[in-house]
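Analysis of the macromolecular model
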Amino acid sequence: MATPPVPTIVLPSKSTPSPPSSPRPPGSAESPLSSSTFLTPQSSRERAKTLVATNEADNKSRFFTHSSSAPRTIPTEYLALSAKMTPEEELDGIGGWAASLSDRTGLAEMMGRRRNIISELGSTEHSYLDQLNALNTFKDTVTQQNLLSSEEIDNIFSVITFLSQAHTKLYNSMRKRMGSWSCNAAIGDIFVNEVRFLILYSHYFNKYVTSVNTLLSCREKNSAFFKLLSKTEFSSLFCGLDMFSLLIVPIQRIPRYILLLKQLDESTPTEHPDKPFLKEALEFTTSTMTTLNKKKEEAEAMAEIIQVQSKIPDLKTALNSDPSRRFTSSTDLSVNGNKRTAFLFNDILIVAKRTTVTPEKYVFKGQMLLEICTVHDVTGKTNQILLASPDTSLTLKLKTDEDAVKWKDLLREGVQYSNNKLLTTEDNAEGSSDRRTHTDFVKRRLDILTGLKNTSKQLAEQTEHILNAIVTPLLKSTENPASSLSKSSMQGLLDATQQLFSHYSSVAAGLENRLAQPLLWSDTACEILNLAELETVFKSYVQHQTEANAAIEEANKNPGFAYWVLELEAAEKKSITQVLHKPLCVLSELVPTLEELLSVTPHKNADHDQLPKRISALHKLEKSVTEHSGPCATTSTTTPSKVKKTPSPRRF
């Protein structure tokens, strides 16, 4: 959130001169300033001295009593410093420090830049103090009306009072110096002497999140406080801002100091007496900010979230409940053909409809947790994105193709972040039990699918061996004129075995590729495992294996063929019937594994409907194989009754 702009004051043209303005009462308008005020640096300095002296009592009263008057106009001292001067006026009364500098024109330009930066430094400090005082005034009112407890007041306003007092001292010192300004004057020494109070900001930064959360809670639960706040926000007392905008301003102040001090240092000659002070002030301020940077990022992230939340009054989710949530982007777009505004965070998408432009207000229309979503292209629509979850889908139509590419990347990053978080998060303040259950289910699904990947690789190797060592030699043996083995039966067995090998290889490769990326709980095992194809391939193999067994048994009546078969069986240490039956033994292991996978499948996942159908079909096939060929003696079966059942996750 950017710092509010400094009020702009337009100076009248030289054709309408007027005398210097007299001191004004608090809250009154600034008198027009004429060009005659800035004829020379000396006249500006004399006028500023008068203003400082006459307004000193007023300043102290305004700063320390936190009056509720309107924000003050920019003081004349800062306007005088920003006036345009000729090179001669710029260097009027220059000291001996510049004696060695021969380029007077370049020096005059540098001093002009320096003077303008100092003017900006003073005017922004003026505006910042108005904002601090606005918070203090509101704090005093809340305290006097006894609207909040002392703990709530302390949580919301933190060290605002101390910051206001410290910045008042800095502001008065700067204003006094600017009232007697010359090209020889320094400003850095004021910072060196005054800015040690910046350590107060560590307290403010550390309590910022608590401050915002307490404010949200009090707004929601305390009607009297909410009524007062609603009347005050966006008023002149709040400098036209809301409470959340005022609370973020101190977070952004130190970086502004660093920027201006750096510019001032660059615009100050090495020989100038202010140079060493500026370097010291800049070094201290930068060092302070370095220690606060992480808290600053967290505070600004929270401010962005609160800003969105305040725009959607009927929002169903407390966006600030998750400290790791970050606002990513927002845009106007079409959602399923309706004109909407989307607010994207790193873990959730909020969809709303705009109701007013100033201030921005929206009606909540829906949300999607990215942890359960997948992102897809829309065929032939380069400016559209399909965001799908197990129970719904959104077609997002962006304004341009470039916007669609950007949002597609942001959505995919959010999906990946959300799923990585599920796999690593141990606990959350809100719904921690459900979150742990969800995380445990994702991990168990990952373990099961990893096991199925390894099993698929082993089965592919096993089937390939059967294909090369048994089935292919059997088919070739039919070319022998003396062979009585049915060629059609062996060809059918070869085709069925090749299909089985191709299926296992495809599943193993698919799982390898899918598990190389973070597993989404919305991923469907039926699709990855291609269980529909597996059922078809198994049925085909059972049919051709039965026919092949019968053909081999008939061919064994030939002594020569029987002897050759014995050699094959000796190499395998099993009968050919047992070897050909081995691929079917996987059914006794696959069925209970899929039942365990179903037990850790969320209700909204498509597998929750598909897996029971596939399990039932495979279980019937297993039963048929067992009745026809008997159980696999070398394979330990696991019956469904022995599988440990886990309740489905409540959140889904």
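See the structure shown above.
In short, a report on the structure. (Residues numbered from 1 in each chain as written. Predicted model: local features only at pLDDT ≥ 70, side-chain atom pairs only at ≥ 80, totals over all residues. Heavy atoms only, no water.)

1. Observations concerning the overall build of the protein chain
Helix and strand content of the protein chain: 20 helices and seven strands. Of all 652 residues assigned to the protein chain, the portion counted as buried reaches 49%. A sequence separation of at least 24 residues applies to 71% of the contacts in the protein chain between residues at least 6 apart. Only carbon and sulfur atoms are counted for the fraction: they give 52% of the accessible area of the protein chain, which is about 30,800 Å². (Helix = DSSP H or I, 4+ residues; strand = E, 2+ residues; numbered from the N terminus. Buried < 20%, exposed > 50% of the residue type's maximum accessible area, 1.4 Å probe, protein only. Contact = heavy atoms within 4.5 Å. Areas by Shrake-Rupley, 256 points an atom, 1.4 Å probe, with all protein chains shown as cover.)

2. Observations concerning the pairing of strand 7 (residues 393-397)
The side chains of a regular strand alternate between the sheet's two faces. Alternating residues of strand 7 divide into Leu394 and Leu396, all buried, and Ser393, Thr395 and Lys397, none buried. The sheet contact formed by strand 6 (residues 381-388) and strand 7 spans five bridges and is antiparallel. Paired with glutamine 384 across the bridge in strand 7 is lysine 397. (Pairing = 2+ DSSP bridges.)

3. Considering the sheet that holds strand 5 (residues 374-378)
The seven strands are arranged 4-3-2-1-7-6-5 in an open sheet whose pairing can be described as antiparallel. In the strand order of this sheet, the two ends are held by strand 4 (361-369) and strand 5, each with one partner. Put simply, the sheet's adjacent strands are angled 35° from each other on average, direction ignored. As paired elements, strand 1 (residues 327-335) and strand 2 (residues 338-345) share eight bridges and run antiparallel to each other. Looking at the pairing, leucine 333 lines up with arginine 340 of strand 2. (Axes fitted to C-alpha atoms, helices over the stretch in contact; angles between N-to-C directions.)

4. Some remarks on the packing of aromatic side chains
We describe a pair of aromatic rings using the distance from one ring centre to the other and the angle between the two ring planes. Tallying each qualifying case throughout the model produces eight aromatic pairs. Between phenylalanine 138 and phenylalanine 157 the ring centres are 6.4 Å apart and the planes differ by 50°, which places this aromatic pair in the tilted class. Placement of phenylalanine 138 in helix 4 (residues 104-144) and of phenylalanine 157 in helix 5 (residues 150-157) is noted, with a sequence separation of 19 residues between them. For phenylalanine 138, a relative accessible area of 2% gives the class buried. The class of phenylalanine 157 is buried, set by a relative accessible area of 1%. (Phe/Tyr/Trp six-rings, centres within 6.5 Å; stacked < 30°, edge-to-face > 60°.)

5. Points about the nonpolar core
Core analysis: the largest hydrophobic core is formed by 69 residues, its most contacted members being Phe138, Phe191, Tyr201, Tyr208 and Met243. Put simply, the parts of the chain that give this core at least two residues each are helix 4, helix 5, helix 6 (160-179), helix 7 (188-194), helix 8 (200-221), helix 9 (223-232), helix 10 (243-266) and helix 11 (275-311). Per-element tally for this core: the top contributor is helix 10, with 13 residues. Other than its neighbours up to four places away in sequence, phenylalanine 191 contacts Leu121, Leu170, Met174, Tyr257, Leu261 and Ala281. Counting 54 residues, the second largest nonpolar core, distinct from the first, contains Leu584, Leu590, Leu594 and Leu597. (Core = buried A, V, L, I, M, F, W, Y, C linked by side-chain atoms within 4.5 Å.)

6. Thoughts on the pattern of salt bridges
For side chains of opposite charge, pairing can occur when their charged atoms come near one another. Per the stated rule, a full pass over the model turns up 21 salt bridges. Note that aspartate 265 is salt-bridged to lysine 275, the shortest N-O span being 3.3 Å. Taken together, the positions of aspartate 265 in helix 10 and lysine 275 in helix 11 put the pair 10 residues apart, joining distant regions of the chain. Through salt bridges that share partners, Lys311, Asp332, Arg354 and Glu360 make up one connected network. (Salt bridge = Lys/Arg side-chain N within 4 Å of Asp/Glu carboxyl O.)

7. Digging into the packing of helix 5 against helix 8
Closest axis-to-axis distance for the helix 5/helix 8 pair is 7 Å, and the angle between their directions is 125°. One finds that helix 5 runs oblique with respect to helix 8. Helix 8 is crossed by helix 5, and the crossing has left-handed handedness. Facing helix 5, whose interface residues are Glu152, Asp154, Asn155 and Ile156, helix 8 presents Lys207, Thr210, Ser211, Thr214, Leu215 and Cys218. (Parallel < 35°, antiparallel > 145°, perpendicular 65-115°, else oblique. Left-handed = near helix turned anticlockwise from the far one by under 90°.)

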